[in-house]
Amino acid sequence: MSAPTPHTPAAPADGAAAPPAKGKGGIMKLAIIGVVALAGLGGAGWFLAPRFLGHATAPAEAKPAPIVVKVTVPLEPVVVNLAGETRRYVRVAVSLGVPSAKDAKEIEESKAQLLDLVIAVIASQDADSLVTEEGRDQVKEDLLARIHEELKLEKVARVYFTEFVIQ
């Protein structure tokens, strides 16, 4: 047997092949492949997971961000006869929540139409539905929807009852 040369690794005595030497180049390639694979799997998961989990929404279906109310515009109180066979009425005062003072000026200009709409929505209710919190919340939702649809005042974000008395 001859002595190993400085450039060739020594073979093991039992005749088995020596494991290949790993240099910096091999470890770097393995690390790069791992990072690329993980990035690819993460991107695929981010892209596909909502579709498989049922959370995918088209951009048209996305809900707009809620409007933050910073100013309220009070409407004068009104007394309205309620629907139904008995003679009942409600005295209600409403304030409308809007995002800015500029929007409040636009609401001020539409007060007559808004009061008419409040009277129409309240007058269509009966006393039994208005004595519950759910009934009053439904009236607020109906009033807000009609403000948006009929008067095109989209900046009105909330309806507040500041006075509500049923007699």
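Residues numbered from 1 in each chain as written. Predicted model: local features only at pLDDT ≥ 70, side-chain atom pairs only at ≥ 80, totals over all residues. Heavy atoms only, no water.

## Quick look at the packing of helix α2 (residues 101-109) against helix α3 (residues 111-123)
- Where α2 contacts α3, the two axes come as close as 5 Å, and the packing angle between them is 70°. Judged by the inter-axis angle, α2 sits roughly perpendicular to α3. In this structure, α2 uses Ile107, Glu108 and Glu109 to contact α3, whose residues at the interface are Lys111, Gln113 and Leu114.
- Grouping the amino acids of the contact of α2 with α3 by side-chain chemistry returns two nonpolar, one polar and three charged. (Axes fitted to C-alpha atoms, helices over the stretch in contact; angles between N-to-C directions. Helix = DSSP H or I, 4+ residues; strand = E, 2+ residues; numbered from the N terminus. Parallel < 35°, antiparallel > 145°, perpendicular 65-115°, else oblique. Contact = heavy atoms within 4.5 Å. Nonpolar A, V, L, I, M, F, W, Y, C, P; charged D, E, K, R; others polar.)

## Details of the pattern of salt bridges
- Per the stated rule, a full pass over the model turns up three salt bridges.
- Among the ionic pairs, Glu163 bridges to Arg91, the shortest N-O distance being 2.3 Å. Taken together, the residues Glu163 in strand β4 (residues 158-166) and Arg91 in strand β3 (residues 89-98) connect sequence positions 72 residues apart.
- Judged by its relative accessible area of 25%, Glu163 is partly exposed. (Salt bridge = Lys/Arg side-chain N within 4 Å of Asp/Glu carboxyl O. Buried < 20%, exposed > 50% of the residue type's maximum accessible area, 1.4 Å probe, protein only.)

## Side note on the pairing of strand β2 (residues 78-81)
- Of the two faces of β2, only the one carrying Val78 and Val80 is buried; Val79 and Asn81 on the other face are not.
- As paired elements, β2 and β3 share four bridges and run antiparallel to each other. Within the sheet, the bridge partner assigned to Val78 lies in β3 and is Val92. (Pairing = 2+ DSSP bridges.)

## Considerations on the environment of Gly97
- Within the secondary structure layout, Gly97 lies in strand β3.
- Looking at Gly97, the relative accessible area reads 0%, which means it is buried.
- Aside from chain neighbours lying at most four places away, what touches Gly97 is Val69, Val71, Thr72, Lys155, Val156, Ala157, Arg158 and Tyr160.

## Brief notes about a negative patch on the surface
- A contiguous patch of negative charge on the surface is contributed by Glu133, Glu134, Asp137 and Glu141.
- Position of Glu141 among the secondary structure elements: in helix α5 (residues 133-150). (Patch = residues over 30% accessible without salt bridge, like charges linked within 9 Å, V, L, I, M, F, W, Y side chains within 5 Å. Areas by Shrake-Rupley, 256 points an atom, 1.4 Å probe, with all protein chains shown as cover. Lys, Arg positive; Asp, Glu negative; His and termini not counted. Charge placed at Lys NZ, Arg CZ, Asp CG, Glu CD.)

## Remarks on the nonpolar core
- Val94, Leu96, Ile107, Val118, Ile122, Ile147 and Val156 are the most contacted members of the largest nonpolar core, which has 28 residues in total.
- When contributions to this core are tallied by element, the ones reaching two or more residues are β2, β3, α2, α3, α4 (127-130), α5 and β4.
- Element by element, the count of residues in this core is highest for α3, at six residues.
- Among residues more than four places away in sequence, those in contact with Ile147 are Leu96, Leu114, Leu117, Lys152, Leu153, Val156 and Val159. (Core = buried A, V, L, I, M, F, W, Y, C linked by side-chain atoms within 4.5 Å.)

## Focus: the packing of aromatic side chains
- Evaluated as defined, the whole model comprises one aromatic pair.
- Judged by centre distance (5.0 Å) and plane angle (50°), the ring pair of Phe161 and Phe164 falls under tilted.
- Directly above the aromatic system of Phe164 lies the positively charged group of Arg136, at a separation of 5.9 Å from the ring centroid. (Phe/Tyr/Trp six-rings, centres within 6.5 Å; stacked < 30°, edge-to-face > 60°. Lys NZ or Arg CZ within 6 Å of the ring centre and 35° of its normal.)

## Side note on the packing of α3 against α5
- Between α3 and α5, whose axes approach to 10 Å, the crossing angle comes to 135°. Comparing their axes, α5 and α3 come out oblique. Crossing geometry of α3 relative to α5 is assigned as right-handed. Of the residues in α5, those in contact with Leu114, Leu117, Val118, Ala120, Val121 and Ile122 of α3 are Val139, Asp142, Leu143, Arg146, Ile147 and Glu150. (Left-handed = near helix turned anticlockwise from the far one by under 90°.)

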